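# Results of the structural survey
Each chain is listed here by its residues.
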Amino acid sequence: MQSEKEIQTDIVKYLKLRGYFVIRNYLGPVHYHGSKVRPNPNAGMPDLSIIKNGITSYIEVKKEKGKVSDKQKEWHMKAYKAGVVVHIFRSLVECMVVFN
């Protein structure tokens, strides 16, 4: 079974080949001299932002049995209400079906 990072890497490579501008969103804690200073204010934001032909979408990558956190659900709902699509993919194949 692939890790989330491996799935994400495969998805990024595929989307770039399809002409998407792909941004990996780093959302971990903010560190200062080796200590966590504060949580990221964008907690819950999906792993990837993708843009093509002026349209932005977001992708949350989860491994096979990974769960979407409450913060992620909250962010996804806000995006949905704003008219932005958030996809949740557990494999490259799922991504390929949507972005073929």
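Everything numeric here is computed off the predicted structure, so don't read it as measured data.

### Quick look at the overall build of the protein
- Across its full length, the protein holds 3 helices and 6 strands.
- Overall, the protein shows an N-to-C arrangement of helices and strands of α-β-β-β-β-β-α-β-α.
- For a compact globule of 100 residues, the expected C-alpha radius of gyration is about 13 Å, and the protein comes in at 14 Å, within 12% of that figure.
- With respect to the three principal axes, the spread of C-alpha positions in the protein is 40 × 35 × 25 Å.
- Classification of the 100 residues of the protein by burial places 33% in the buried group.
- Considering only contacts in the protein between residues 6 or more positions apart, those separated by 24 or more positions represent 58%.
- For the protein, the accessible area works out to roughly 6,900 Å², and carbon and sulfur atoms hold 56% of it.
- One finds the centroid of the 17 positive side-chain charges in the protein at a distance of 4 Å from the centroid of its 9 negative side-chain charges.

### Observations concerning the sheet that holds strand β5 (residues 55-61)
- Pairing is mixed across the open sheet formed by 4 strands, whose spatial order is β1-β4-β5-β6. The open sheet terminates on both sides in strands that have one partner only, identified here as β1 (21-24) and β6 (86-89). Sheet twist, expressed as the average angle between the axes of neighbouring strands with direction ignored, equals 25°.
- Pairing between β1 and strand β4 (residues 48-52): 4 bridges, direction antiparallel. The partner of isoleucine 23 across the bridge, within β4, is serine 49.

### Regarding the nonpolar core
- The biggest cluster of nonpolar side chains holds 14 residues, and the ones touching the most others in it are Ile11, Leu15, Ile59 and Phe99.
- Elements represented by at least two residues in this core include exactly α1 (4-17), β4 and β5.
- In terms of residue count, the dominant contributor to this core is α1 (5 residues).
- Contact partners of isoleucine 59, with chain neighbours within four places excluded, come to Ile11, Leu15, Pro46, Asp47, Leu48, Ile50, His87, Phe89 and Phe99.

### Concerning helix α2 (residues 70-81)
- Compared with the 16 Å implied by 1.5 Å per residue over 12 residues, the 17 Å span of α2 between its first and last C-alpha is a close match.
- If you check which residues of α2 are buried, you get Gln72, His76 and Ala79. For α2, the buried positions fall inside an angular range of 60° around the axis, keeping them on one side. Residues Asp70, Lys78 and Lys81 are exposed on α2 and point more than 90 degrees away from its buried face.
- Residues of α2 that are buried in the fold lie against β5 and β6.

Thresholds, definitions, all that
Residues numbered from 1 in each chain as written. Predicted model: local features only at pLDDT ≥ 70, side-chain atom pairs only at ≥ 80, totals over all residues. Heavy atoms only, no water. Helix = DSSP H or I, 4+ residues; strand = E, 2+ residues; numbered from the N terminus. Rg over C-alpha atoms; globule rule 2.2 N^0.38 Å. Buried < 20%, exposed > 50% of the residue type's maximum accessible area, 1.4 Å probe, protein only. Contact = heavy atoms within 4.5 Å. Areas by Shrake-Rupley, 256 points an atom, 1.4 Å probe, with all protein chains shown as cover. Lys, Arg positive; Asp, Glu negative; His and termini not counted. Charge placed at Lys NZ, Arg CZ, Asp CG, Glu CD. Pairing = 2+ DSSP bridges. Axes fitted to C-alpha atoms, helices over the stretch in contact; angles between N-to-C directions. Core = buried A, V, L, I, M, F, W, Y, C linked by side-chain atoms within 4.5 Å. Expected span 1.5 Å × (residues − 1). Arc of directions from axis to C-beta.

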